[in-house]
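Chain residues, written in single-letter form:
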Amino acid sequence: ASLVTVLFHLGEMATATQSLDEDTFEALGVELGYKIQIVSPEDEDKELLEDFGLDLDAELEAETDEELEPRAPIVTVMGHVDHGKTRLLDAIRHADVISGEAGGITQHIGAYQVHHEHDGVTRAITFIDTPGHEAFTAMRARGAQVTDIAILVVAADDGVMPQTIEALNHAQAANVPIVVAVNKVDKEGANPDKIRQQLTEYNLVAEEWGGDTMFVDVSALKGQGIDELLQAVLLTADAGLDLRANPNKDARGVAVEAHLDKGRGAVATVLVNSGTLRVGDAIVAGTAHGRVRAMFDEHDNLVTEATPARPVLVIGLTSVPGAGDSFIVAEDDRTARQIAEKRAAAERAAQLAKRRKRISLEDFNKALEEGKVDTLNLIIKGDVSGAVEALEDALLQIDVGDEVDLRIIHRGVGAVTQNDVNLATVDNAIIIGFNVRPAERVQDMADREGVDMRFYSVIYRALEDVEASLKGMLKPEY
Ligand code: GDP
């Protein structure tokens, strides 16, 4: 019986080209008498590190209470566009009781730390300096959870908006406690209580209304309420979070931002989760590796070590890691390089596997004969509308026979965009470009997603290829 039939008996309606979820796979395995093990990329990486004698989970579990020391909470600011996230991050920077205005200009390195004083006790708080839930979610997608507390900014003159809800959903899904900053209270018509009212619908009930969420009225513009907000963050941390880490071991953490700097080469801002990072350490971040040549804090001061929750800009990596990539200190340079190389190889293999899933013009006919497809979906982009129309007309006149449909699912004038690639991914389409080229970014994305893009400057060449593909005559080029 075909897999589709077996699946049908398991109560799953599936088509031959559909991908299945993990539960279905496991049920399928049981039915067919196989034990199916689904290996996630995280598990794979865990195994890779274990080959080098690194078991990070076991390391954390083995830590004793005496080894753990308090660390600063790490905070992300989220909320609807224009509600004041960027302004608030600025205001908070200026509220630092240690560096303050005198601490010089703050560099944007992706995260910063401020100090707050209450009842004579000074404590540090770390802020992720990229506002919004997109960065938060992108990092989570890479398996990195760096945020301990989310500040949800809601403008008192505007109220709860779509991205407010999105942001709070993301925070709640990640089990990250929320402190609400009701912003722009300086504005006429601001109604902070309305915000409290609206948010009760989303299980955020203000403490003063009997709930357990702290709401603080602020004006990022005027710098009002910032101390109270920082205090609320610390109280929220103390109420439910056990923020401790062992500083006395090799550093482990996350790269929160990275780029290529003209003068300094690959630079990455890392946030240490546990251990202490020192100048001279051999490190791996994602598929990048190197030795820490120098470290800077957010005031561009050189630092020699970074303890848990202390963001630093690291110089000395051989390439740029991705935001959200984990980093670790390795025994020596050689180990760091080997881990990075193995990861890069695993990544390439995963990409290849992904690429094989999508259709290309060369293998279309084979997929057709195997009954995996019955439609050739095309996206046409050209430099002028006349050319796009001419190409479309000519393509639609190809005699395709009965078994197959040729559909132009999208056409347009201009370069191939990321949107086109996205569409091709969703609809398993092939992109035909006439007298246009894709931006490098777009080409990379197509390679990554395994989308077949073809470029022509003569219409009949495009027709020839499509015809040959339909007849199974187009030979792969290697
Ligand atoms: P973001 O998109 O959430 O990062 O919002 P911004 O920080 O860029 O702020 C959007 C606009 O609102 C800017 O024009 C800010 O000057 C203004 N704004 C931010 N905070 C306040 C505030 O507390 N009071 C007033 N009146 N305006 C503010």
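Note that the structure is predicted; figures quoted are calculated from it, not measured. Each chain carries its own residue numbering, running from 1 in the written order of its sequence. Given that this is a predicted model, residues contribute local features only at a pLDDT of at least 70 and side-chain atom pairs are listed and counted only at 80 or more, while totals for whole chains, interfaces and linings are drawn from all residues. Only heavy atoms go into the side-chain values, all of them from the structure, while hydrogens and water stay out.

Draft legend 1. Just a negative patch on the surface, in detail. There is a patch of like negative charges on the surface, built from E42, D43, E44, E47 and D51. Looking at the element boundaries, D43 is found in helix α3 (residues 41-50). Patch rule: a residue counts if its relative accessible area is over 30% and it has no salt bridge; like charges are joined within 9 Å, and nonpolar side chains (Val, Leu, Ile, Met, Phe, Trp, Tyr) within 5 Å. Accessible surface area values rest on a Shrake-Rupley calculation with a 1.4 Å probe, where residue burial reflects the displayed protein chains alone. Basic side-chain nitrogens of Lys or Arg form a salt bridge, by our definition, when they fall within 4 Å of a carboxyl oxygen of Asp or Glu. Under the counting rule used here, the positive set is Lys and Arg, the negative set is Asp and Glu, and His together with the chain ends is not counted. To locate a charge, the coordinates of NZ of Lys, CZ of Arg, CG of Asp or CD of Glu are taken. Numbering goes from the N terminus for both helices and strands, where a helix is a DSSP run of H or I of at least four residues and a strand is a run of E of at least two.

Draft legend 2. How the structure looks around the packing of aromatic side chains. A pair of Phe, Tyr and Trp rings is counted when the ring centres sit within 6.5 Å of each other, with Trp represented by its six-membered ring. The angle between the planes then sorts it: under 30 degrees is stacked, over 60 is edge-to-face, the rest tilted. Going through the model one piece at a time under the given rule, you end up with one aromatic pair. The ring centre of F455 lies 4.6 Å from the NZ or CZ of R437, which sits over that ring. As a reminder, the over-ring test applies to NZ of lysine and CZ of arginine, requiring each to be within 6 Å of the ring centre and within 35 degrees of the ring normal.

Draft legend 3. Fine view of the pairing of strand β5 (residues 149-155). Here the term buried applies to any residue with accessible area under 20% of the maximum for its type, exposed to any over 50%, and partly exposed to those in between, with areas from a 1.4 Å probe on protein chains only. Taking burial as the measure, the seven residues of β5 include seven buried ones, the bulk of the element. Residue alternation in β5 divides its side chains into two sets, I149, I151, V153 and A155 and A150, L152 and V154, and both sets are buried. Note: two strands are recorded as paired if DSSP finds a minimum of 2 bridges between them. Across six bridges, the pairing between β5 and strand β6 (residues 178-183) is parallel. Bridge pairing in β6 places A155 opposite N183.

Draft legend 4. Spotlight on the site of the ligand. In the neighbourhood of the ligand, 15 residues make up the surrounding shell, with D82, K85, T86, R87 and D186 lying closest. Any N or O atom pair separated by 3.5 Å or less is treated as a polar contact, with the protein-specific requirement of one donor-capable and one acceptor-capable atom, and with residues adjacent in sequence counted only for side-chain atom pairs. In this structure, D82 approaches the ligand through a main-chain N or O atom, which is 2.8 Å from an oxygen atom. H83 places a polar main-chain atom, nitrogen or oxygen, 3.4 Å from an oxygen atom of the ligand. By the convention adopted, Pro, Cys, Tyr, Trp, Phe, Met, Ile, Leu, Val and Ala count as nonpolar, Lys, Arg, Asp and Glu as charged, and the other residues, Gly among them, as polar. Grouping the amino acids of the shell around the ligand by side-chain chemistry returns three nonpolar, six polar and six charged. The rule for a residue being near a molecule or strand is that one of its heavy atoms must lie within 4 Å of it.

Draft legend 5. Broad picture of the environment of E31. Mapped onto the elements of the fold, E31 is located in helix α2 (residues 22-32). Exposure remark for E31: the relative accessible area of 47% places this residue in the partly exposed category.

Draft legend 6. Quick look at helix α13 (residues 418-427). All buried positions along α13 are accounted for by D420, V421, A424 and T425. The arc enclosing the buried residues of α13, seen along the axis, measures out at 140°, which places them on a common side. Turned more than 90 degrees away from the buried face of α13 sit N419 and V426, all of them exposed. Any two residues whose heavy atoms approach within 4.5 Å at even a single point are treated as in contact. Looking at the buried residues of α13, the elements they touch are β18 (375-382), β19 (405-413), β20 (430-434), α14 (440-449) and β21 (453-456). Just beyond α13, the residue with positive phi is N428, at close to 55°. Taking the helix axis as origin, the arc is that swept by the directions to the C-beta atoms.

Draft legend 7. Broad picture of the sheet that holds β19. Taken together, the four strands give an open sheet; going across it, the order is β19-β18-β20-β21, and neighbouring strands pair in parallel fashion. Strand pairing shows two members of the sheet lacking a second neighbour, β19 and β21, which therefore form its edges. Averaged over all pairs of adjacent strands, the angle between strand axes in this sheet comes to 25°, irrespective of strand direction. As judged from the five bridges shared by β18 and β20, these two strands associate in the parallel manner. Opposite I380, over in β20, you have I432 as the bridge partner. Angles here are taken between N-to-C directions and fall from 0 to 180 degrees, while the axes themselves are lines fitted to C-alpha atoms, restricted in helices to the stretch in contact. Seen against the sheet, helix α15 (residues 459-470) touches β18, β19, β20 and β21 and runs at an angle of roughly 145° to β21.

Draft legend 8. Just the nonpolar core, in detail. What is meant by a nonpolar core is a set of buried Ala, Val, Leu, Ile, Met, Phe, Trp, Tyr and Cys residues, joined one to another through side-chain atoms within 4.5 Å. Judged by nonpolar contacts, the single largest core of 28 residues is most densely connected at L88, I92, I125, F127, I151 and L229. When residues of this core are traced back to their parent elements, those giving at least two are β2 (74-79), α5 (85-94), β3 (111-118), β4 (121-128), β5, β6 and α9 (226-240). Apart from residues lying up to four places away in sequence, I92 is in contact with Y112, V114, F127, I226, L229 and L230.

Draft legend 9. Quick peek at the packing of helix α12 (residues 385-396) against α15. As a packed pair, α12 and α15 sit with axes 10 Å apart at the nearest point and diverge in direction by 35°. The two elements α12 and α15 meet at a crossing, and its hand is right-handed. Contact residues: α12 offers A387, A390, L391, A394 and L395, while α15 offers I459, A462, L463 and V466. Residues of the contact of α12 with α15, tallied by class, amount to nine nonpolar, no polar and no charged. In this scheme, a crossing is called left-handed if the near helix is turned counterclockwise away from the far one by less than a right angle; it is called right-handed if the turn is clockwise.

Draft legend 10. Structural view of the packing of α5 against α9. Between α5 and α9, whose axes approach to 10 Å, the crossing angle comes to 90°. Comparing the axis directions of α5 and α9 gives the class roughly perpendicular. Along its contact with α5, which presents L88, A91 and I92, the element α9 presents I226, L229 and L230. Along the lines of polarity and charge, the residues of the contact of α5 with α9 split into six nonpolar, no polar and no charged. What sets the label is the angle itself: under 35 degrees gives roughly parallel, over 145 gives roughly antiparallel, 65 to 115 gives roughly perpendicular, and the rest give oblique.

Draft legend 11. Spatial organisation of helix α8 (residues 192-200). When we look at burial in α8, the residues that qualify are I195, R196 and L199. Take α8 and look down its axis: the buried residues cluster within an arc of 100°, on one side only. For α8, the secondary structure elements touched by its buried residues are β5, α7 (162-173), β6 and β7 (215-217).

Draft legend 12. Structural detail: the sheet that holds β5. Taking strand neighbours across the sheet as the criterion, the six strands line up as β3-β4-β2-β5-β6-β7 in an open arrangement whose pairing is mixed. The open sheet terminates on both sides in strands that have one partner only, identified here as β3 and β7. Going across the sheet, the axis of each strand differs from the next one's by a mean of 30°, ignoring polarity. Against the sheet, α7 makes contact with β2, β5 and β6, and its axis sits at roughly 170° relative to β5, the strand it touches most. Packed on one face of the sheet, α8 meets β5, β6 and β7 and runs near 160° to β7.

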